[in-house]
Amino acid sequence: MEKITVIISAYNEEEALPHFYKEMSRVADEMKEVEYEMIFVDDGSKDRTLDILREFHQSDKRVRYISFSRNFGKEAAMYAGLQASTGDYVAFLDADLQDPPSLIPEMYQILKTEDYDSVATRRETRTGEPPVRSWFARRFYKIINRISDADIVDGARDFRLMKRVMVNAILSISEHNRFSKGIFGWVGFKTKWISYDNIERVAGNTKWSFWKLLIYALNGIEAFSTVPLLLPLFIGAVTCGISGICLIVIAVRTHIFHMMSFLFFMIGLLFVCLGIVADYLAKIYKDTLNRPIYIVRETEGGIR
Ligand code: UDP
Ligand code: MG
């Protein structure tokens with residue numbers, strides 16, 4: 001019998017988890033032709049998430065869990081889930097039912113009957129999301145697709161079902177600055193896209209603040225593009241051209257003060273560019289440290 005592993009990252013999800021588990025079990029029970037493995041990754045939650053996962057594991061042998069020693073972020077949680085997965089097919093889901101488990105049977109059928117390696121989802125609408133957030137999200141997808149070779153689909157969710165070949169390819173990418181939306185596209189393979197309307201979370205609150213999302217977006221760009229590193233080159237060329245013209249004008253009308261302010265502007269730009277370079281350097285530095293992507297405190301085997 002084939003096995004489907006579902007990986008659920010959960011950070012302070014005590015309110016949503018019972019709803020999720022109920023719906024996920026219903027879907028799993030109905031799919032009699034496959035075996036299920038549910039791997040919950042507790043990403044350092046401070047609420048009762050871990051207790052709830054222990055209870056699920058006690059009463060249902062399909063449930064496994066990994067609990068991090070602190071909050072390492074959703075990307076680390078997804079990677080931990082992949083490393084622990086044993087299924088022939090693997091799916092990522094959020095704990096808040098925004099990724100409906102009821103789509104999995106359809107996704108599985110597609111992978112069984114059509115020539116695809118993964119079925120991915122995208123949301124058609126962004127209803128229920130603050131307009132500012134939607135605006136930034138759209139800009140982000142435009143920019144990253146223009147300056148990188150990762151093919152990132154606007155509105156793509158992390159919710160997808162993949163065959164083992166693709167899972168192994170993703171596992172082979174062990175970089176620390178992980179950006180799954182980019183990694184999925186980068187590894188290639190044939191992906192079928194299905195879309196659905198945005199669903200609001202069943203309970204609890206979003207775990208992503210605007211700043212957390214902004215940093216995530218910048219990490220994504222840095223993970224898949226070195227174009228920002230070339231920014232000093234463009235800025236330098238443009239400012240050199242402008243300052244050349246200014247020098248001629250100043251030579252005619254000696255306005256010392258104007259030249260001073262221009263110099264300050266240039267210095268400012270230099271710092272911005274240096275900052276960009278420093279950020280990449282910092283990431284290289286972190287990778288050379290070779291720290292683990294996450295640290296497990298407890299799994300269903302007990303405290304380690
Ligand atoms: N999540 C996580 N670690 C984090 C933040 C979020 O594992 O540091 C999980 C969260 O519990 C949820 C999923 O990632 O299952 C998506 O988060 P959320 O629903 O808060 O994001 P949104 O849907 O609002 O973008
Ligand atoms: Mg959500």
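Look a little higher up for the structure.
Residues numbered from 1 in each chain as written. Chains lettered and ligands numbered in written order. Predicted model: local features only at pLDDT ≥ 70, side-chain atom pairs only at ≥ 80, totals over all residues. Heavy atoms only, no water.

Further remarks concern the coordination of the magnesium ion (ligand 2). For the magnesium ion (ligand 2), the protein coordination sphere consists of Asp96 (OD) and Gln98 (OE1), at 1.9 Å. Assessed through its relative accessible area of 3%, Asp96 is described here as buried. (Donors = N, O, S within 2.8 Å, 3.2 Å for Na, K, Ca; no water. Buried < 20%, exposed > 50% of the residue type's maximum accessible area, 1.4 Å probe, protein only.)

Before going further, it helps to spend a moment on the pairing of strand 1 (residues 2-10). Strand 1 sits mainly inside the fold: 8 of its 9 residues count as buried. Pairing of strand 1 with strand 2 (residues 34-42), which is carried by 9 bridges, proceeds in the parallel orientation. Paired with Ile8 across the strands is Phe40, a residue of strand 2. Note that the unit made of strand 1, helix 1 (residues 17-30) and strand 2 has a crossover that is right-handed. Where strand 1 and strand 4 (residues 89-94) come together, 6 bridges link them in parallel fashion. (Helix = DSSP H or I, 4+ residues; strand = E, 2+ residues; numbered from the N terminus. Pairing = 2+ DSSP bridges. Right-handed = clockwise from strand over helix to strand, strands pointing away.)

Around ligand 1, the surrounding shell holds 18 residues, and the nearest of these are Glu13, Asp43, Gln98, Thr206 and Lys207. Between Asp43 and ligand 1, the recorded distance is 2.6 Å, taken from a side-chain N or O atom to a nitrogen atom. One of the side-chain nitrogen or oxygen atoms of Trp208 is found 3.3 Å away from an oxygen atom of ligand 1. When the free accessible area of ligand 1 is taken as 530 Å², the share hidden by the protein chains comes to 92%. (Near = heavy atom within 4 Å. Polar contact = N/O pair within 3.5 Å; in protein donor to acceptor, adjacent residues only side chain to side chain. Areas by Shrake-Rupley, 256 points an atom, 1.4 Å probe, with all protein chains shown as cover.)

Structurally, Gln98 can be placed in the loop between strand 4 and helix 4 (104-113). Beyond its immediate stretch of four places on either side in the chain, Gln98 contacts Arg157, Tyr196, Asn198, Ile199, Glu200 and Arg201. (Contact = heavy atoms within 4.5 Å.)

Looking now at the packing of helix 1 against helix 2 (residues 49-59). The geometry of helix 1 relative to helix 2 is characterised by a closest axis approach of 11 Å and an angle of 25 degrees between their N-to-C directions. Between helix 1 and helix 2, the interaxial angle falls into the category roughly parallel. Where helix 1 crosses over helix 2, the two elements pack in a sense that is right-handed. Of the residues in helix 2, those touching helix 1 at Leu17, Pro18 and Tyr21 are Thr49, Ile52, Leu53 and Phe56. (Axes fitted to C-alpha atoms, helices over the stretch in contact; angles between N-to-C directions. Parallel < 35°, antiparallel > 145°, perpendicular 65-115°, else oblique. Left-handed = near helix turned anticlockwise from the far one by under 90°.)

Turning our eyes to something else, we now look at the pattern of salt bridges. Side chains that differ in sign of charge can pair as their charged atoms come close. Throughout the structure, instances matching the rule amount to 24 salt bridges. Linking Glu13 and Arg201 is a salt bridge whose minimum nitrogen-to-oxygen distance equals 3.0 Å. On the criterion of sequence distance, the pair formed by Glu13 in the loop between strand 1 and helix 1 and Arg201 in the loop between strand 7 (191-196) and helix 8 (210-224) is long-range, its members being 188 residues apart. As a salt-bridge pair, Asp115 and Lys190 come within 3.1 Å of each other at their nearest N and O atoms. One end of the pair, Asp115, is in the loop between helix 4 and strand 5 (118-123); the other, Lys190, is in the loop between helix 7 (180-186) and strand 7, with 75 residues separating them in the sequence. A relative accessible area of 44% means that Lys190 is categorised as partly exposed. Among the ionic contacts, a cluster of salt bridges with common partners joins Arg48, Asp51, Arg54, Glu55, Arg297 and Glu298. (Salt bridge = Lys/Arg side-chain N within 4 Å of Asp/Glu carboxyl O.)

Let us look at the pairing of strand 2. For strand 2, a buried count of 8 out of 9 residues is recorded, marking the element as mostly surrounded by other parts of the structure. A crossover links strand 2 with its parallel partner strand 3 (residues 63-68), the connecting element being helix 2, and its sense is right-handed.

With that settled, consider unusual backbone geometry. Its identity as a non-glycine residue notwithstanding, Asn12 has a phi of 55 degrees, on the positive side. Locating Asn12 in the fold gives a position in the loop between strand 1 and helix 1. Positive phi is not limited to glycine here, since Phe189 has a value of about 70 degrees. Locating Phe189 in the fold gives a position in the loop between helix 7 and strand 7.

Turning our eyes to something else, we now look at the packing of aromatic side chains. Inspection of every chain in the model, using the stated rule, returns 15 aromatic pairs. When the ring of Phe210 is compared with that of Trp211, the centres are 6.0 Å apart and the planes differ by 75 degrees; the resulting orientation is edge-to-face. Overall, the relative accessible area of 60% leaves Trp211 in the exposed class. One aromatic cluster is present, formed by Phe140, Tyr141, Phe179, Trp208, Tyr216 and Phe224 through successive ring pairs. Geometry around Phe184 places Arg160 over its ring, the cationic atom sitting 4.0 Å from the centre. (Phe/Tyr/Trp six-rings, centres within 6.5 Å; stacked < 30°, edge-to-face > 60°. Lys NZ or Arg CZ within 6 Å of the ring centre and 35° of its normal.)

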